[in-house]
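Listed below are the residues making up each chain.
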Amino acid sequence: MDTLQRLEDLCAELDKIKLIENIKANIFDAVGMERQEVKHSAFIGWLLDPGKPHGLGNRFLAEFCRRLFVSDSVSVQQRNLNALAMGGIHSIDDLNTFINDTKLEVFRERVLVDSESRIDIYIESAATKTAVVIENKVFTDNHDDQLYRYIEQLDTYSKNRHNLIERRIFVYLTPFGTPPDDRQEHNEAHSMYCLLSYKTILNILERLKKYCAEQRVLFLMEDYEAMVKKNILKEDEKVRAKCREIYRAYEKEIDLLLRYNSDNANDVIKYCKEKLIEKLQVVVTFKDSDKYFEFYTPAMEEAFAKRGEQIRDGDILKLRVCLGAQKPDIAISYGLQKGGRETSWSGVQCEIINKMAPNKINSGKYVTLKNFVLLKADRRELDFEEVREDVDRQLNLFIQILKQFENQLTT
């Protein structure tokens, strides 16, 4: 039997799951993705981002914020109101400009200060000086004083950027809206976290279905709702048993489906970041997400300092290295950018351009000195282990090139 026929048979088997006690199921049940917190964070973060192609605009974000102020439980509602007040927010009206900020950014696995601490979902509006930190706990509890650390790191992050954040919302999202484990050294910090449940998330989805013009997005929302109801809010062993049976029978076909609908970019970016920090002691700075980040090296900073300049200008790096996966290829590059208020290149920047790219002296705001592909677009669908060796080789080549560039800076 050929692969296409096997895939058709798989679809038929998945349809049978829906007949079990009338509980809807989908491919995520078969492969066990329902238990991966990072996938839940990715989906919720996608819905919270008004710029994503779900057709809901900022409706999910607005409803999410509104639900922080209301709860079926009087005690939870009062707790949340107190937590919001500590963050400088006293009513939903205080968040109107934040919700409608067209430049609002939503990040997943966001690093603010310490690369060992990653915030599940982070939302920032520079225009309104507002940030939302969401800790998502599907099957685990808080640990290692992480809730306290996120508060401390947001404070440090804000101060390092000239008090960028003035209003802050901390949310502890769990299946049933349970409070954090207070057996932590700084458990007093937990009072700053609003409690929210997956039941509330599903209520929001149900409310917003009527605004969903994209049929494929509606199907996605319904599949996610079914998965959460069955696997998080009320486990159903009959469905799980059937899913395990299907996976055993169609393992190769399911793996094929995942392969053609996967992207190893997150793993590649994370791996490269760790290697760069280890080998070059790089300083990761702004726009640090799972698909893109900027950094500079101590040698680059020293080259500017010796010439009487700072490599940073507010939130701008005059000389930066960028690693990103927004384009089809995953690539790394280094180059120059003008400061926020600058209309001309600085003295050190002019020196670098004249020495290494004299034909670009009259360029606009950016000058790319070197662009290097780490992984071609057609290989992003492969498992990370399949491309690790190639990524490692390309990254080592780039590090050699970057070190040569650093030597040019110092001569």
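These numbers were taken from a predicted model, which means no experiment stands behind them. (Residues numbered from 1 in each chain as written. Predicted model: local features only at pLDDT ≥ 70, side-chain atom pairs only at ≥ 80, totals over all residues. Heavy atoms only, no water.)

### Thoughts on the sheet that holds strand E2 (residues 119-125)
Phase 1 of the analysis: Strands sit in the order E1-E2-E3-E4-E5 across an open sheet of five strands; the sheet is mixed. Where the open sheet ends on each side, the last strands, each with one partner, are strand E1 (105-110) and strand E5 (193-197). Ignoring strand direction, the axes of neighbouring strands in this sheet form an average angle of 25 degrees.
Phase 2 of the analysis: Pairing of E1 with E2, which is carried by five bridges, proceeds in the antiparallel orientation. (Pairing = 2+ DSSP bridges. Helix = DSSP H or I, 4+ residues; strand = E, 2+ residues; numbered from the N terminus. Axes fitted to C-alpha atoms, helices over the stretch in contact; angles between N-to-C directions.)

### Details of helix H5 (residues 74-86)
Count 3.6 residues to each turn of an α-helix, and residues three or four apart come out pointing the same way.
Phase 1 of the analysis: End to end, H5 covers 19 Å across 13 residues, agreeing with the expected 18 Å (1.5 Å per residue, within 8%).
Phase 2 of the analysis: Listed in full, the buried residues belonging to H5 are Val76, Asn80, Ala83 and Leu84. All buried residues of H5 project into a common sector of 100 degrees when viewed along the axis, lining one side. Counted as exposed and oriented over 90 degrees from the buried face of H5: Val74 and Ser75.
Phase 3 of the analysis: The elements touched by buried residues of H5 are strand E4 (167-174) and E5.
Phase 4 of the analysis: Just downstream of H5, Gly88 is the residue with a positive phi angle, here 90 degrees. (Expected span 1.5 Å × (residues − 1). Buried < 20%, exposed > 50% of the residue type's maximum accessible area, 1.4 Å probe, protein only. Arc of directions from axis to C-beta. Contact = heavy atoms within 4.5 Å.)

### Overview of the packing of helix H4 (residues 59-67) against helix H8 (residues 198-208)
Phase 1 of the analysis: Two elements in contact, H4 and H8, have axes separated by 10 Å at closest approach and are oriented at 135 degrees. Of the possible angle classes, the one that applies to H4 and H8 is oblique. Here H4 and H8 pass one another in a crossing that is right-handed. Contacts from Arg59, Phe60, Glu63, Phe64 and Arg67 of H4 reach H8 at Thr200, Ile201, Asn203, Ile204, Leu205, Arg207 and Leu208.
Phase 2 of the analysis: For the contact of H4 with H8, a count of residues per class yields six nonpolar, two polar and four charged. (Parallel < 35°, antiparallel > 145°, perpendicular 65-115°, else oblique. Left-handed = near helix turned anticlockwise from the far one by under 90°. Nonpolar A, V, L, I, M, F, W, Y, C, P; charged D, E, K, R; others polar.)

### Remarks on the packing of aromatic side chains
Geometrically, a pair of aromatic rings is defined through the distance of the ring centres and the angle of the planes.
Phase 1 of the analysis: On inspection of all chains with the given rule, the structure shows 10 aromatic pairs.
Phase 2 of the analysis: With a centroid separation of 4.3 Å and 35 degrees between ring planes, the pair formed by Phe43 and Tyr224 is classed as tilted. In this pair, Phe43 is assigned in helix H3 (residues 37-48) and Tyr224 in helix H9 (residues 215-233), connecting sequence segments 181 residues apart. Comparing Phe43 with Tyr224, the two get one shared label, buried. (Phe/Tyr/Trp six-rings, centres within 6.5 Å; stacked < 30°, edge-to-face > 60°.)

### Quick notes on empty space enclosed by the protein
Phase 1 of the analysis: In this structure the tally under the stated criterion is one cavity of 30 Å³ or more.
Phase 2 of the analysis: Roughly 70 Å³ of volume is contained in the largest cavity.
Phase 3 of the analysis: In terms of lining, the largest cavity is formed by Ala303, Phe304, Arg307, Val348, Glu351, Ile352, Lys355, Met356, Gln408 and Leu409.
Phase 4 of the analysis: When residues of the lining of the largest cavity are traced back to their parent elements, those giving at least two are helix H13 (298-306), helix H14 (347-356) and helix H15 (384-410).
Phase 5 of the analysis: The dominant element in the lining of the largest cavity, judged by the number of residues it contributes, is H14, at five residues.
Phase 6 of the analysis: Counted by class, the lining of the largest cavity contains six nonpolar, one polar and three charged residues. (1 Å grid on protein atoms, 1.4 Å probe; cavity = no way out; pocket = protein on both sides within 12 Å on 5 of 7 lines; lining within 4 Å. Points joined across faces, edges and corners; volume = space filled by probe spheres on them.)

### Some remarks on the nonpolar core
Phase 1 of the analysis: Core analysis: the biggest nonpolar cluster contains 43 residues, and Leu48, Phe60, Phe64, Phe98 and Ile123 have the highest contact counts within it.
Phase 2 of the analysis: In terms of residue count, H9 provides more of this core than any other element does, seven residues in total.
Phase 3 of the analysis: Among the nonpolar cores identified, the runner-up in size contains 42 residues, and Ile311, Tyr334, Leu375 and Phe384 belong to it. (Core = buried A, V, L, I, M, F, W, Y, C linked by side-chain atoms within 4.5 Å.)

### A few points about the pairing of E4
Phase 1 of the analysis: A large share of E4 lies buried, amounting to eight of its eight residues.
Phase 2 of the analysis: Bridge count for strand E3 (residues 130-136) against E4 is seven bridges, and the pairing is parallel. Counterpart to Ile134 in the pairing with E4 is Val171.
Phase 3 of the analysis: When E4 meets E5, the two strands line up parallel, connected through five bridges. If you follow Tyr172 over to E5, its bridge partner there is Leu195.

### What about the pattern of salt bridges?
Phase 1 of the analysis: Throughout the structure, instances matching the rule amount to 16 salt bridges.
Phase 2 of the analysis: Residue Asp155 is joined to Arg168 by a salt bridge in which the shortest nitrogen-to-oxygen separation is 2.3 Å. A residue pair is termed long-range when its members are at least 10 positions apart, and Asp155 in helix H7 (residues 146-160) and Arg168 in strand E4 qualify at 13 residues.
Phase 3 of the analysis: Under the relative-accessibility criterion, Arg168 is labelled buried at 12%.
Phase 4 of the analysis: One salt-bridge network, held together by shared partners, links Glu63, Arg66, Arg67 and Arg207. (Salt bridge = Lys/Arg side-chain N within 4 Å of Asp/Glu carboxyl O.)

### Regarding the packing of H3 against H9
When two helices pack together, their arrangement is given by the angle between the helix axes and the distance between those axes.
Phase 1 of the analysis: The interhelical angle for the contact between H3 and H9, taken along N-to-C directions, is 140 degrees, at an axis separation of 13 Å. Here H9 runs oblique to H3, going by the angle between their axes. H3 and H9 meet at a crossing whose hand is left-handed. Contact with H3, carried on its side by His40, Phe43, Ile44 and Trp46, involves Val217, Leu220, Met221, Tyr224, Met227, Val228 and Ile232 of H9 and no other residues of that element.

In short, the description is geometric, and any link to function would need to be established separately.
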